[in-house]
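# Examining the three-dimensional arrangement
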Amino acid sequence: MLQYGNMKEKAYPFDKIEPKWRKYWNKNKFFEVNVKNFAKKYYCLVMFPYPSAALHVGHGRNYIIGDVVARYKMMHGFNVLTPIGWDAFGLPAENAAIKNNIHPKKSTLDNIKTMKRQIDSWGVCYDWPREVTSCLPDYYKWTQWIFLKLLEKGLAYKKKAFVNWCPSCNTTLANEQVIDGKCERCETPVKQKDLEQWFFRITDYADKLLNDMNGLPGWPERVKVMQKNWIGRSTGVNIHFPIADSDKMLTCFTTRVDTIFGATYMVLAPEHPGLEALIKDAKNKSEIFKFIEEAKNESRIKRSAVDAEKKGMFTGRYVINPVNNRKIPLWVANYVLMEYGTGAVMAVPAHDQRDFEFAGKHNLPIEVVIDDPKFSLDAEIMKQAYVKNGVMVNSGQFNGMPNREAMERIAGFMEKEKIGKRSVHYRLRDWLISRQRYWGAPIPVIYCDKCGVVPLPEKALPVLLPEKVKFKPRGESPLKDSKEFVNTRCPKCKGSAHRETDTMDTFVDSSWYYLRYISPKSKSKPFDKRDVDKWLPVDQYIGGVEHAILHLLYSRFITKVLHDSGFIGFDEPFRNLFTQGMIIKNGAKMSKSKGNVVSPDELIKKYGADTVRLYTLFIGPPEKDAEWSDRGVEGAYRFLARVWRMVEITSNSGLPGNDGKALRRKTHRTIKKVTGDMEKGFGFNTAIASVMELVNEIYAASLKKETSKSALKEAVKTVVLLLSPFVPHLAEELWGKLGEKPSILKQAWPSYDKGLVVEEILTIPIQINGKLRSKIDVPPGISDEALKEKVLADEKVKKYLGDVTLKLIIIPNRLVNIVIPK
RNA sequence: GCCGGAGUGGCGGAAUUGGCAGACGCCCAAGAUUUAAAAUCUUGUGGCCCGAUAGGGCCGUGCCGGUUCAAAUCCGGCCUCCGGCACCA
């Protein structure tokens, strides 16, 4: 076993050098940027943390990656903006505060202190004077301002609706915060509650949010796909069905208008608003009502489960299929959702599996209208719906057409005859932003008996969150208790009024913070348009994939709204996005409850920050999840100690007679490899591996004295420069030891000599029938003829070659394959 | 069910316009050093087999097939795992 931890002496004095350099960077303000200087700007942003508890090494991955990118860009002469802040409002902080009986403001600010210390101890540097804290009035004033801007635009509205309610958190939730029918925070099954709530009209931007992803090549495919799924665009036709014995219509949405001739019944959602009037004269009215009430009261998870029982009932009414005037029965069923489409569905049992099952159970007719080109379908003996493409049958004038073509024709026909209209529907719902909780930004409107809902004027902002409140949640906003807060005057008529007591979803706070960093101190506006337009979009955004939908979709939405209102000149906030993988311990995500949290504090004490950084970067491709290994950390430490000793070992090595070319080649190839890995993006693990190779070579050359002094010096300096974004403290210290002036941050990234990266002698593998049989050394650029001669003269090759005609495949500078015909 | 990603030694992982599979690190073993150990330095390290050694052979990138002089990589058909969506009409 390795005994580093018990040693009296450290393998290298990281405990001395690390605090020294952190102080130095801080004092010299290397990470503080002047936003007016945007000539060669680079905005490097990490998702701002939630100050709920101490950080673990998994969190560190995010900050370390960001720090490496910032330092690397700085060495390329970029003016790098790398800010940080705190997503400080919200449930976890509040819940912890309740549990420990401490005011959330205090616990949040305490947590921030701890996290600041930890971030600093990693050697991760930020532009600290730009720090923002979303729970402080100078920030949330502008969150409230954004709400007012949306309200002005008609993009914030209040409506009574069935909303997601978490009985444990005692608040409503946005659709995006409900995962498998459960609260994303506490996993309590979510209930439906009929409440009047504030929404943001994100659905107005559904198309833009979807289409504009085409302009984001710097985003990971998986994130774009997730957003695409979430938005859930489907195109089809809204078809109007006249109701029999009535002058009214029912409209349904379908994506399969080609199956319209096979519609043999129609089904309404239990919540359908027209339902009550339709059944008021039914004989079994009370029975139908009972069914509807039961269906409505079914829990959402139960009702939306794929294998849930499909229950339905005939309403006694009929509708007319507008393409063939056939009278078809109207049903109500639990599987039709009011939230999607029109809440009415045309049922085509022959070509929809769900309808097929329902028709079978309730004895409804099945009519084939798309035939299988391979063998004719027969409704009598079908075992399942035919959902593939085929040829139109029983469909009047459209018979004989391929169904895909008929789809377009029928849609056109319906629009001409005014019986239907092409239509687009989305899965995306409007964003519910009201929360019945204490720890959030108050919604800046008041209710006046005379004037109704009145938005507060900008000069009345911020609406301060009162501090002396019993903040324990109980189903209504705790702010209702504060008479001082609630009772106010109407800004319009000056009459008595009361304030909105709900607070905003935390995701509103985090949907615009990247703009505030540009003008964090501005008292007169949320941000300076000129500066923001220079610095955004963010050049590189880095964060966890868990925000693929929530935060990233909301931020894009808010950016688009601000753009359309003329407040900013760009409509996508993040040009490049990198989502790092999770760090796993013992096969599971690190969490307090599982007891597998690896704290950076002890590790940094034992091995130093540079070791923790290096291991975090070397653990694997940063976009993938990775298992934390204590052995791996020791390996990283051993390597850094080896680099430390390298400077001593090489200082008096090298032979005057040696030209050092071999080492110089390796040095320059390493510069090329590391630069390539960094430029292609986030290839830290392979970049570090290639520096390790160079270090191994330096040791070998130095110990055998098979190189020159100058080549060694160049190699050693290169190692220090290439490692400096990864292990900045060690790099600064060694840079000084090599007789150079600090800071290494001000050094240019090394460039390589093209002449030195090409090989002097190439080792060419020789295959015979695709199997490796020999290798020969040749000069690069050797002619095919000369190469062939050399290959055929090779002893090993000769063994395999009989007296046969053969063919040589020559891939210049790479490989030779000899083909012997069988 | 639909969509996206992945599957390579004992382990983390390298290698992609098809061209030496296993870089680098971990683990493990041996040697040097040491009174001894740790640390350090050096060497070895995919599996099976032939060989005293030098050396050589066969197999091998989830599975089955195909294309090709040549496949981890391309094509067809599967399997497994991870993630997203899903009674969405």
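Predicted model only: the values in this text are computed from it and were never measured.

## What about the protein's contact with RNA strand B?
Taken together, 58 residues lie near RNA strand B, and K310, R354, R427, K775 and Y800 sit nearest. Taking all atoms of RNA strand B within 4 Å of the protein, the share assigned to sugar and phosphate is 66%. Backbone polar atom of Y335 to a sugar or linking oxygen of RNA strand B: 3.1 Å apart, as the coordinates give it. One nitrogen or oxygen atom from the side chain of K771 is found 2.8 Å from a phosphate oxygen belonging to RNA strand B. The greatest single-element share of the surface near RNA strand B, amounting to 8 residues, is contributed by helix 22 (residues 684-703).

## Section: the sheet that holds strand 24 (residues 496-499)
Strand order across the open sheet formed by 4 strands is 22-21-24-23, with antiparallel pairing between neighbours. Single-partner strands in this sheet number two, and they are strand 22 (452-455) and strand 23 (487-489). Pairs of neighbouring strands in the sheet enclose a mean axial angle of 40 degrees, with direction left out of account. As paired strands, strand 21 (residues 445-448) and strand 24 are joined by 3 bridges and run antiparallel to one another. In the strand pairing of strand 24, C448 is matched with A497.

## Overview of the packing of aromatic side chains
On inspection of all chains with the given rule, the structure shows 42 aromatic pairs. Centroid distance Y63 to W122: 6.3 Å. Interplanar angle 50 degrees. Geometry classified as tilted. A residue pair is termed long-range when its members are at least 10 positions apart, and Y63 in helix 2 (residues 57-75) and W122 in the loop between helix 4 (104-121) and strand 4 (132-133) qualify at 59 residues. The exposure classification of Y63 matches that of W122, with both residues buried. Taking 5.5 Å as the distance between ring centres and 75 degrees as the angle between the ring planes, the aromatic pair formed by Y205 and F557 counts as edge-to-face. In this pair, Y205 is assigned in the loop between strand 9 (191-200) and helix 6 (206-211) and F557 in helix 17 (residues 550-564), connecting sequence segments 352 residues apart. For Y205, a relative accessible area of 8% gives the class buried.

## Regarding the pattern of salt bridges
The final tally for this structure, using the stated rule, is 40 salt bridges. For K36, the salt bridge identified is with D531, shortest N-O distance 2.9 Å. In this pair, K36 sits in the loop between helix 1 (14-27) and strand 1 (41-46) while D531 sits in helix 16 (residues 529-535), placing the two residues 495 residues apart along the sequence. Where R422 meets E415, a salt bridge forms, and the shortest distance between an N and an O atom there is 3.0 Å. With a relative accessible area of 36%, R422 lands in the partly exposed category. For E415, a relative accessible area of 30% gives the class partly exposed. What you see here is one network of salt bridges that share partners, running through D212, R556, K560 and E572.

## Observations concerning the sheet that holds strand 2 (residues 79-81)
The parallel open sheet is built from 4 strands, whose spatial order is 2-1-26-27. The sheet is open, and its two edges are formed by strand 2 and strand 27 (577-580), each paired on a single side. Taking each pair of neighbouring strands and ignoring which way they run, the sheet shows an average axis angle of 20 degrees. Looking at chain direction, strand 26 (residues 540-544) and strand 27 are connected through 4 bridges and run parallel. Across the sheet, G544 pairs through a bridge with Q580, a residue of strand 27.

## Re the packing of helix 20 (residues 630-651) against helix 22
In the contact formed by helix 20 and helix 22, the axes pass within 11 Å of each other and the chain directions differ by 35 degrees. Seen along the crossing, helix 20 lies across helix 22 with a hand that is left-handed. Here F639, R642, V643, R645, M646, I649 and T650 of helix 20 lie close against helix 22, whose contacting residues are V691, M692, V695, N696, I698, Y699, S702 and L703.

## Some points on helix 23 (residues 709-723)
In this model helix 23 runs 21 Å from its N-terminal to its C-terminal C-alpha over 15 residues, within 8% of the 21 Å that 1.5 Å per residue would give. Every buried residue belonging to helix 23 is among A711, L712, A715, V716, T718, V719, V720, L721, L722 and L723, and all of these are buried. On its buried face, helix 23 is in contact with helix 2, helix 20, helix 21 (661-681), helix 22 and helix 24 (728-737).

## Side note on helix 19 (residues 609-618)
One turn of the α-helix equals 3.6 residues, which is why residues spaced by three or four share an orientation. Across the 10 residues that make up helix 19, a large majority, 9, are buried. All of the buried residues in helix 19 are A609, D610, T611, V612, R613, L614, Y615, T616 and L617.

## Some thoughts on the pairing of strand 13 (residues 312-321)
Within strand 13, 7 of the 10 residues are buried, leaving the element largely enclosed by the surrounding structure. Relative to strand 14 (residues 326-333), strand 13 is paired through 7 bridges, and the arrangement is antiparallel. Across the sheet, residue M313 finds its bridge partner in strand 14, namely V332. The turn joining strand 13 and strand 14, which pair antiparallel and follow one another in sequence, is formed by 4 residues; a positive phi near 55 degrees is taken by N325.

## A word on the nonpolar core
One finds F147, W431, W628 and F726 to be the most contacted residues of the largest nonpolar core, which totals 181 residues. Setting aside residues no more than four positions away along its own chain, W628 makes contact with V57, I583, I584, K585, M590, V598, L603, V612, Y615, T616, I619 and V633. Counting 46 residues, the second-largest nonpolar core is a separate cluster that includes A282, L330, M414 and I419.

## Some points on the environment of L738
Within the secondary structure, L738 sits in the loop between helix 24 and helix 25 (754-757). The contact partners of L738, leaving out residues within four places of it in the chain, are V647, V716, K717 and V720.

## Notes on the pairing of strand 21
Along a regular strand, successive side chains alternate from one face of the sheet to the other. Of the two faces of strand 21, the one holding V445 and Y447 and the one holding I446 and C448 are both buried throughout. Note that strand 21 and strand 22 share 4 bridges and pair antiparallel. Looking at strand 22, one finds that I446 is bridged to V454. Once strand 21 ends, the chain turns through 3 residues before running back antiparallel as strand 22.

## Concerning the packing of helix 19 against helix 24
Working note: a packed helix pair is described by the angle between its axes plus the distance between those axes. Orientation of helix 19 relative to helix 24, taken along the N-to-C sense of each, is 120 degrees, at an axis distance of 7 Å. Judged by the inter-axis angle, helix 19 sits oblique to helix 24. Judged by residue contacts, A609, D610 and R613 of helix 19 engage P728, H729 and L730 from helix 24. Residues of the contact of helix 19 with helix 24, tallied by class, amount to 3 nonpolar, 1 polar and 2 charged.

## Let's talk about the environment of V538
Within the element layout of this structure, V538 appears in the loop between helix 16 and strand 26. Between the C-alpha atom of V538 and that of Q436, which follows or precedes it by 102 residues, the distance is 33 Å. Apart from the residues within four sequence positions on either side, V538 is in contact with Y43, L45, Y514, P573, F574, R575 and N576.

## Some points on the side chain of H729
By secondary structure assignment, the location of H729 is in helix 24. A polar contact is formed between the side chain of H729 and the side chain of R22, at a distance of 3.1 Å. In terms of polar contacts, H729 uses its side chain to reach the side chain of D610, at 2.8 Å. When residues no more than four places from it in sequence are discounted, the contact partners of H729 are I17, E18, W21, R22, W25, W122, G123, A609 and D610.

## What about the confidence of the model for chain A?
Mean pLDDT over chain A stands at 89; residues scoring 70 or higher make up 97%. Least confident of the elements in chain A is helix 10 (residues 300-304), whose mean pLDDT is 64; most confident is helix 15 (residues 513-516), at 98. Under the prediction, the complex receives an ipTM of 0.94, its pTM being 0.92.

## Here we look at unusual backbone geometry
Put simply, L461 and P462 share a cis peptide bond, and its omega is -5 degrees. A cis amide bond, omega -5 degrees, links P742 with the succeeding residue S743. Tracing the sequence through the fold places S743 in the loop between helix 24 and helix 25. Phi at F682 is positive, roughly 65 degrees, even though this residue is not glycine.

How each quantity is defined
Residues numbered from 1 in each chain as written. Chains lettered and ligands numbered in written order. Predicted model: local features only at pLDDT ≥ 70, side-chain atom pairs only at ≥ 80, totals over all residues. Heavy atoms only, no water. Near = heavy atom within 4 Å. Polar contact = N/O pair within 3.5 Å; in protein donor to acceptor, adjacent residues only side chain to side chain. Helix = DSSP H or I, 4+ residues; strand = E, 2+ residues; numbered from the N terminus. Pairing = 2+ DSSP bridges. Axes fitted to C-alpha atoms, helices over the stretch in contact; angles between N-to-C directions. Phe/Tyr/Trp six-rings, centres within 6.5 Å; stacked < 30°, edge-to-face > 60°. Buried < 20%, exposed > 50% of the residue type's maximum accessible area, 1.4 Å probe, protein only. Salt bridge = Lys/Arg side-chain N within 4 Å of Asp/Glu carboxyl O. Left-handed = near helix turned anticlockwise from the far one by under 90°. Contact = heavy atoms within 4.5 Å. Expected span 1.5 Å × (residues − 1). Core = buried A, V, L, I, M, F, W, Y, C linked by side-chain atoms within 4.5 Å. Parallel < 35°, antiparallel > 145°, perpendicular 65-115°, else oblique. Nonpolar A, V, L, I, M, F, W, Y, C, P; charged D, E, K, R; others polar. pLDDT = per-residue confidence, 0-100.

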